[in-house]
Amino acid sequence: MNKLIVHSQNTALNTEEYFKFDEQFVFNIDSDISDVDFYIHDQIVNKELGQKINQSDIIFIKVGLTQNFMEYYGIRLACHIRMTNNLKGKSNIPIVLISQESCQFLGITGELSEILFTEGVYLMEDNSKDLNRYIKLFNENKLKSLTNIDDFLFKMKIKPCAEYDSHHAIANEWSLLRWSQILQIGESDESFARIKQNTEGLLYYKYLSLKNPISLETSPPNINFKGKGKILYIDDEWNKGWDTIFKHVFKSNLSYQFKTLEYDFSDKEFSVGGPFIKSKIESFDPDIVILDLRLFKEDFDKDRTPENISGFKILEEIKRKNLGIQVIVFTASNKVWNLQKLQLTGAEYFILKNSPENIITSDSTSDSIKNFKESIEKASEKAFIKNLILICNEISVFLKKANTSDNSDYEFLIKNLKGQLKVCVSALMLINIERPVTIDIAFLSFYNFLELFKDYYLKYENYRYRIGFEEVIMYKYELKGSTLIKGEPYIKESSSFDAGLSFFLTALFIDYFEIDASPYLKSKSIIELSKSRNNYFHGSKKNFTVEELKLITRLIFDACSKLKE
C-alpha cells in the first residue's frame, strides 16, 4: 500500500514510525500567498504534492493545516483533489480526514463539510489506533474510492470566492473561460492565458466546470461572418478578456471594423462616464453596438430599476442618435423584465453570457457563440436602415422648414406628410430580413407618402392636367430602355380623372420641382417603381427588394428638398 499524509507539523502521526519521509507532504502556506486555492492548485498541478498523490493509493489529510485550525484547509484540499482533472483517476482515491472534532462539529462550524458525507471520504481521530484501523480496512478492501463524480457534485455546495462582490464578476469570468475553450484561444494568446491561469485554479470554477462540462470539438466553430459594418463594443469587463476574444473573432473578418470602447469603469459613476461614452459613439458612428447592461458599480444596487441601469441609458442615447443603429445586448442578466424593457427601448438582439445558473446543456456556450455570429450577420443585414433613418431625419427637417403660413391646403399637406413619415420610420424599425413582408410594408409606407403629393399637386381642368400652385402643364413621360422620353402635354378628352401616379410623379419631379432625372435612370425609375408596386398587387411580384426601398426613400428625399406650394 502506498500511502500519503498531508499535515503542517501539527500531528502525532508525522513520524517515520507511521509515515516514511517520502510519504509526507508539509502544507506550508505563508502570508505571501494571496489565495489558498492558487497555492493548493499549484502544488497539485505543478509541484511535489501532485507527484506524491499520483504515487499513492490512499491519502490522509489533517483537517487543520494552519495555526488557525478553524480554517479547515484540509477539507478544502480534499475538495481540490476530487475536482482537479490533472490527477485523472487518482482524484477518486480514498481520502481520510484527520481531526479531533466530530463530524457534527465540523459540519456546523466549517464550509465544504458536505464532503464528509460523500463516497470515499472518511474521518478519523489524530492517533495511531485510528490510523492502524483505517490501514487495516484499506488492506481488506473495505475503503471505497469515489465511483460517481455526479453524485459527489450533487452533494457539494461550493460558494464563490470571497473576492467576488457581485454575481456580475462571477458570470463574466465563467463565460469568458468557456468561450475561450470553445474558440481554442486560451493558450495561443498570452494576455488571455494569464486570465485563464488566474481563474482555473479556483475551487469554485473547478466545481462549475465539472458540473457543466464542455463538449470540445476537433476544431473551433466557424467564425467567418457574412456582411460588413462598424462595430463598437461597450463593456466594463472589456479588459478582463472579452476584448481579446472579440479581436480574435474579428481579426479574420476584414469587412468588419471592430473597436472596443477602452475606459476604466472602476469607481466611476454614470454621471462621469456617460458623457465620455456618448462622445465615443458620436465620433465612431457605429453600425452595430455590442452593449453590456451593467457598466458602473451603481448598477448593482438592489433597488436599481431597469430604466436607471447604465446600459438602458446608453441604449436610449444610441437610439436618439439613430434608430437604425443595431444593438446587441451582451449580458449575464436573464431577468425577463430587463429583456422586455430593452426590447421596448429598441434593442434588436440578446446574447446571454453563460453564467452558471443559465447553463442548460454542455452545448450552451457553443450555442451562445453561434447566436453571436448569427446576431452580427443579421445586424449587418439591417445596417442599411441606419442610412434610411438618416435620410428620414433630413426629410423631417425639410418638412419643418416648409412655409405654410398663407396656404391652408399646403399646411394640410405638410401635416399629412409629417404623419406619414412617422409611419415610414416605424415600418423601418419593424423590418425583419427573415420576413420579407416587413420590407413590403416599409416600401408601401413610403409609396403612400408619394401618393399624398398627387392629392395636393395634381389639378384637372378642361381635360388637361396641371401641377401645383404654378399650374405647370403636365407632360407625358415614357421610359424606353435607359432613355426617358418627354412627350406631349397629357390631355384626357373624357372627364375621368385617371392620371397614373408614375406619369404624375415623373412630371412633378422634372417639370415642377426641377430635379435632374438622370440619377434614377441608373437603376429603377419612378415609372418602374410604380410598375413594381402595381405588379405586387395585381401581378406576380411577391416582395419588394431592399434596393427598391432605398430608391424610393431617396426619391422622397429629393422631392422634399425641392418642396414648394
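Residues numbered from 1 in each chain as written. Predicted model: local features only at pLDDT ≥ 70, side-chain atom pairs only at ≥ 80, totals over all residues. Heavy atoms only, no water.

Counting 58 residues, the largest nonpolar core has Leu428, Phe453, Tyr457, Phe504, Leu508 and Leu549 as the members making the most contacts within it. Going through the elements one at a time, α15 (384–401), α16 (408–429), α17 (436–457), β12 (464–467), α18 (501–512), α20 (526–538) and α21 (546–561) are the ones with two or more residues in this core. Here the element with the most residues in this core is α17; it accounts for 12 residues. Formed by 47 residues, the second largest nonpolar core is a distinct cluster that contains Ile182, Ile281, Val289 and Ile290. (Core = buried A, V, L, I, M, F, W, Y, C linked by side-chain atoms within 4.5 Å. Buried < 20%, exposed > 50% of the residue type's maximum accessible area, 1.4 Å probe, protein only. Helix = DSSP H or I, 4+ residues; strand = E, 2+ residues; numbered from the N terminus.)

Spatially, five strands are ordered β2-β1-β3-β4-β5 in an open sheet, and the strand pairing comes out parallel. The sheet is open, and its two borders are formed by β2 (24–26) and β5 (121–124), each paired with just one other strand. Ignoring strand direction, the axes of neighbouring strands in this sheet form an average angle of 20°. Relative to strand β4 (residues 95–98), strand β3 (residues 58–62) is paired through four bridges, and the arrangement is parallel. Bridge pairing in β4 links Phe60 to Val96. (Pairing = 2+ DSSP bridges. Axes fitted to C-alpha atoms, helices over the stretch in contact; angles between N-to-C directions.)

What follows covers the pattern of salt bridges. Applying the stated criterion across every chain, the model contains 27 salt bridges. The residue Glu140 makes a salt bridge to Lys136 at a minimum N-O spacing of 2.6 Å. Of the charged contacts, one joins Lys142 and Glu140 as a salt bridge, the two residues approaching to 3.4 Å between their closest N and O atoms. Accessibility expressed as a relative area gives 32% for Glu140, which makes it partly exposed. Within the structure, one salt-bridge network assembled from shared partners comprises Glu282, Asp285, Asp287, Lys321 and Lys386. (Salt bridge = Lys/Arg side-chain N within 4 Å of Asp/Glu carboxyl O.)

All right, on to the environment of Ser482 then. Inspection of the secondary structure puts Ser482 in the loop between β14 (475–480) and β15 (483–489). Along the backbone, Ser482 and Ser525 are 43 residues apart, and their C-alpha atoms lie at a distance of 9.5 Å.

Time to look at the environment of Ala507. Considering the arrangement of structural elements, one finds Ala507 in helix α18. When the C-alpha atoms of Ala507 and Ile473 are compared, they prove to be 8.8 Å apart, with 34 residues separating the residues in sequence. Dropping the residues within four chain positions of it, Ala507 is found in contact with Ile467, Met474, Tyr475, Tyr477 and Tyr512. (Contact = heavy atoms within 4.5 Å.)

Here we take up unusual backbone geometry. Even without being a glycine, Tyr72 presents a positive backbone phi close to 50°. Positionally, Tyr72 belongs in the loop between β3 and α3 (73–83). Given the relative accessible area of 3%, Tyr72 is considered buried. Non-glycine residue Asn141 carries a positive phi angle of around 60°. Within the element layout of this structure, Asn141 appears in the loop between α5 (128–139) and α6 (149–155).

The sheet contact formed by strand β11 (residues 458–461) and β12 spans four bridges and is antiparallel. Residue Glu461 lies in a different strand from β12, and its bridge partner there is Arg464. With antiparallel pairing between neighbouring strands as the criterion, β11 and β12 make up a hairpin whose turn holds two residues, including Asn462 at a positive phi of roughly 55°.

Spatial relationships are all this shows, so hold off on functional conclusions.
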